[in-house]
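# A look at the structure
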Amino acid sequence: MSEEPKAGIDSLPVDVELLSDTTDDVLKMELSTSTREDIDFKTTRVVGLLSLLLAEDRGADDDDEGMDLFRQAYKLLELTNRPGRQTPSFTAFFYMRDVANLTRRLMWVYTERNGGVPR
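Think of each chain on its own: its residues are numbered from 1, step by step along the sequence as written. Only residues with pLDDT of at least 70 get local features here, since the model is predicted, and only at 80 or more are side-chain atom pairs given and counted; chain-wide, interface and lining totals rely on the full set of residues. Values reported for side chains reflect all heavy atoms of the structure, with hydrogen atoms and water molecules removed beforehand.

### Some details on the layout of surface pockets
Just so we agree on the cut-off: Using protein atoms alone on a 1 Å grid, points that fit a 1.4 Å probe yet trap it form a cavity, whereas open point sets bounded by protein on both sides within 12 Å along at least five of seven lines form a pocket; residues with an atom within 4 Å of a point count as lining. Grid points are joined across faces, edges and corners, and a volume is the space filled by probe spheres set on the points. A run of DSSP states H or I qualifies as a helix once it reaches four residues; a run of E qualifies as a strand once it reaches two. Both are numbered from the N-terminal end. Nonpolar residues are Ala, Val, Leu, Ile, Met, Phe, Trp, Tyr, Cys and Pro. Charged residues are Asp, Glu, Lys and Arg, and all others, Gly as well, are polar.
One number sums up the size of the largest pocket: a volume of about 190 Å³. Around the largest pocket sit Arg-36, Asp-40, Thr-43, Thr-44, Val-47, Arg-82, Pro-83, Gly-84, Arg-85 and Tyr-95, which together line it. Sort the elements by how many residues they give to the lining of the largest pocket and helix H2 (residues 36-55) lands first, with five residues. Looking at the lining of the largest pocket residue by residue, the class counts come to three nonpolar, three polar and four charged.

The following block contains the structure:
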């Protein structure tokens, strides 16, 4: 007889600790000491994590706040809204921070609204 996994953060299909550590790292960055290469690298990481969260059905569509976060995320991730090579570093930096902040907010929705229990 197999034991059912315990519900909680560790049972989420998304690595919440990785999300938290990565977004913390991004949000601690300072524009004055960040290279464009660091900004681009970390932007790629947080965009990937945000995309991963959006792929999970965690019940965010059950309320207006959750749906608003989803709309914001999809708009932010549109290719036309992403910084390119010609984008100034400060614009790319603040885009990266916007993605990290939204990722954290969606992570909160997933863990708080569902008690860490996957649907």
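Following the structure, the description resumes.
### A short note on the packing of aromatic side chains
Threshold: Centres within 6.5 Å are what make two rings of Phe, Tyr or Trp a pair, Trp counting through its six-membered ring; a difference in plane orientation under 30 degrees is then read as stacked, over 60 as edge-to-face, and the rest as tilted. Relative accessibility thresholds used throughout: buried, under 20% of the residue-type maximum; exposed, over 50%; partly exposed, between the two (1.4 Å probe, protein chains only).
This structure, assessed with the given rule, holds two aromatic pairs. Seen from their ring centres, Phe-70 and Tyr-74 are 6.2 Å apart, and the 50 degrees between their planes marks the pair as tilted. Taken together, the residues span about one helical turn, with Phe-70 and Tyr-74 both in helix H3 (residues 64-77) at a distance of four residues. Using a relative accessible area of 45% as the deciding quantity, one classes Tyr-74 as partly exposed.

### Here's the deal with the packing of H2 against H3
Rules: Here an axis means a line fitted to C-alpha atoms, over the contact stretch when the element is a helix, while the angle between two N-to-C directions is reported on a 0 to 180 degree scale. Roughly parallel here means an angle under 35 degrees, roughly antiparallel means over 145, roughly perpendicular means 65 to 115, and every remaining angle is called oblique. Left-handed describes a crossing whose near helix is turned anticlockwise from the far helix through less than a right angle; right-handed describes the clockwise counterpart. Whether two residues are in contact is decided by their heavy atoms: any pair within 4.5 Å suffices.
Running from N to C, H2 and H3 cross one another at 140 degrees; their axes reach a closest spacing of 11 Å. It follows from the interaxial angle that H2 and H3 lie oblique. Between H2 and H3 lies a crossing of left-handed hand. Where H2 abuts H3, its residues Val-47, Leu-50, Ser-51 and Leu-54 lie against Phe-70, Ala-73, Tyr-74 and Leu-77. Of the residues assigned to the contact of H2 with H3, the class counts are seven nonpolar, one polar and no charged.

### Structural notes on the packing of helix H1 (residues 16-28) against H2
Contact pair H1 / H2: the axes reach a minimum separation of 10 Å and the direction vectors enclose 145 degrees. Considering the relative orientation of H1 and H2, their crossing is left-handed. Across from Leu-18, Leu-19, Thr-22, Asp-25 and Val-26 in H1, the residues of H2 making contact are Lys-42, Arg-45, Val-46, Leu-49 and Leu-53. Taken together, the residues of the contact of H1 with H2 break down into six nonpolar, one polar and three charged.

### Observations concerning the pattern of salt bridges
The condition is simple: Each reported salt bridge corresponds to a side-chain nitrogen of Lys or Arg within 4 Å of a carboxyl oxygen of Asp or Glu.
Evaluation of the coordinates by the stated rule reveals three salt bridges. Between Arg-104 and Asp-24 there is a salt bridge, and its shortest N-O distance comes to 2.8 Å. Taken together, the residues Arg-104 in helix H4 (residues 89-113) and Asp-24 in helix H1 connect sequence positions 80 residues apart. You can call Arg-104 partly exposed: its relative accessible area is 28%. Here Arg-36 makes a salt bridge to Asp-40, at a shortest N to O gap of 2.9 Å. A residue pair is termed a helical-turn pair when its members lie 3 or 4 positions apart in one helix, as Arg-36 and Asp-40 do in helix H2 at four residues. A residue is classified by how much of its surface remains accessible, and Arg-36, at 17% relative accessible area, is buried. Relative accessible area serves as the criterion here: at 34%, Asp-40 is assigned to the partly exposed category.

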